[in-house]
Amino acid sequence: MTASLPHQGSWPDGEERPAEDRRHMIRRRALTLLIIVLLIGIPAGYLVISANQSRDSGKDKEAKYSATGLTEGWPSKLQRRIYQVPVPHPAWHVAYYETNNWKTSRLYAQFETNAAGLDAYLTGLGVTRKDLKKDHITIGARDRKVTGWTFPEGDSWYGFVHRQKNPAPTHDVVVDLSNPAYPWVYVVSRTVP
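Residues numbered from 1 in each chain as written. Predicted model: local features only at pLDDT ≥ 70, side-chain atom pairs only at ≥ 80, totals over all residues. Heavy atoms only, no water.

Notes on the environment of Leu132
- Within the element layout of this structure, Leu132 appears in the loop between helix 3 (115-125) and strand 4 (133-134).
- Given a relative accessible area of 11%, Leu132 falls into the buried group.
- Residues contacting Leu132, with those up to four places away along its chain left out, are Leu122, Tyr158, Gly159, Phe160 and Val175. (Helix = DSSP H or I, 4+ residues; strand = E, 2+ residues; numbered from the N terminus. Buried < 20%, exposed > 50% of the residue type's maximum accessible area, 1.4 Å probe, protein only. Contact = heavy atoms within 4.5 Å.)

Okay, structure coming up:
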């Protein structure tokens, strides 16, 4: 015996459904295609963009943490806050380098500024120009080797050590006043974690 297949019912009024014309079929297929593109294409595009951003972020971090000397640019706000290095505005030729180990963390920073910027920097540390001592190179040989800084003999070098109670950082600061209108500042901020 053969089972009979169910038949599709007719329209409620008893009329037969009109055949779909070509224009309506094309519109329906275009709408279906658009929905498929929106449901699949947009999330896929988002995933591609997100993957590229993630990969770029990894490359930036790799470059940052594989640096073995001064890197051009400003230290992050977090670094400036932790190490208490108030880089003034305006400042040019800003570069920094951070080292961390279980014993001591250091932030090396250098920048050129104007006379008002130097005063603002010193004020940010809680000192004044009177605290600068002539020919007092406070940055040690080890730190100079890490950064490549050299402080040749001359009349323009001034420095001081800004000591604070732990866990606040200690600052070794050297200022090049060979051009008093645009001094260079070199600082090593050390903290014990």
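Text resumes after the structure shown.
Observations regarding the side chain of Thr99
- Turning to its location among the elements, Thr99 is positioned in strand 2 (residues 91-100).
- Judged by its relative accessible area of 18%, Thr99 is buried.
- For Thr99, the contacting residues outside a window of four places in its chain are Tyr83, Thr104, Ser105, Arg106 and Tyr108.

What about the nonpolar core?
- Tyr121 and Val173 are the most contacted members of the largest nonpolar core, which totals 21 residues.
- Those elements that provide at least two residues to this core are strand 2, strand 3 (105-113), helix 3, strand 6 (170-176) and strand 7 (184-191).
- Take this core: its biggest share by element is 4 residues, from helix 3. (Core = buried A, V, L, I, M, F, W, Y, C linked by side-chain atoms within 4.5 Å.)

Focus on the pattern of salt bridges
- This model, assessed by the stated rule, comprises 4 salt bridges.
- Between Arg190 and Asp172 there is a salt bridge whose closest N-O contact spans 2.5 Å. Within this pair, whereas Arg190 is found in strand 7, its partner Asp172 is found in strand 6, the two being separated by 18 residues in sequence. (Salt bridge = Lys/Arg side-chain N within 4 Å of Asp/Glu carboxyl O.)

A short note on the pairing of strand 5 (residues 157-162)
- Direction of pairing for strand 4 relative to strand 5: antiparallel, over a ladder of 2 bridges. Across the sheet, the residue bridging to Lys134 is Tyr158, located in strand 5.
- Bridge count for strand 5 against strand 6 is 6 bridges, and the pairing is antiparallel. Note that in strand 6 the partner of Val161 across the bridge is Asp172. (Pairing = 2+ DSSP bridges.)

Focus: the sheet that holds strand 5
- Across the sheet, which stays open at both edges, the 7 strands sit in the order 1-2-3-7-6-5-4 with antiparallel pairing between neighbours. The sheet is open, and its two borders are formed by strand 1 (71-72) and strand 4, each paired with just one other strand.

Overview of the packing of aromatic side chains
- With the rule as written, the count across this model stands at 10 aromatic pairs.
- Judged by centre distance (5.7 Å) and plane angle (65°), the rings of Trp92 and Tyr182 are edge-to-face. In this pair, Trp92 is assigned in strand 2 and Tyr182 in the loop between strand 6 and strand 7, connecting sequence segments 90 residues apart.
- Overall, the relative accessible area of 35% leaves Trp92 in the partly exposed class.
- Here Phe151 and Trp157 contribute two aromatic rings whose centre-to-centre distance is 5.0 Å and whose plane-to-plane angle is 75°, an arrangement assigned as edge-to-face. Each of the two residues, Phe151 as well as Trp157, counts as buried.
- Three or more aromatic residues joined by ring pairs form one cluster here, namely Tyr97, Tyr108, Trp149, Phe151, Trp157, Trp184 and Tyr186. (Phe/Tyr/Trp six-rings, centres within 6.5 Å; stacked < 30°, edge-to-face > 60°.)

Some thoughts on helix 3
- Buried residues of helix 3: Gly117, Leu118, Tyr121, Leu122 and Leu125, and no others. On an axial view of helix 3, the arc spanned by its buried residues comes to 135°, and they lie on one face. With respect to the buried face of helix 3, the exposed residues turned more than 90 degrees away are Ala116, Thr123 and Gly124.
- Packed against the buried residues of helix 3 are strand 3, strand 5, strand 6 and strand 7.
- Count one or two residues on from helix 3 and you reach Gly126, which has phi positive near 90°. (Arc of directions from axis to C-beta.)

Describing the pairing of strand 3
- The buried count for strand 3 comes to 9 of 9 residues, which makes it a mostly enclosed element.
- Neither face of strand 3 is left uncovered, since the one carrying Ser105, Leu107, Ala109, Phe111 and Thr113 and the one carrying Arg106, Tyr108, Gln110 and Glu112 both have all their residues buried.
- As judged from the 8 bridges shared by strand 2 and strand 3, these two strands associate in the antiparallel manner. Following the sheet pairing, Glu98 is matched in strand 3 by Leu107.

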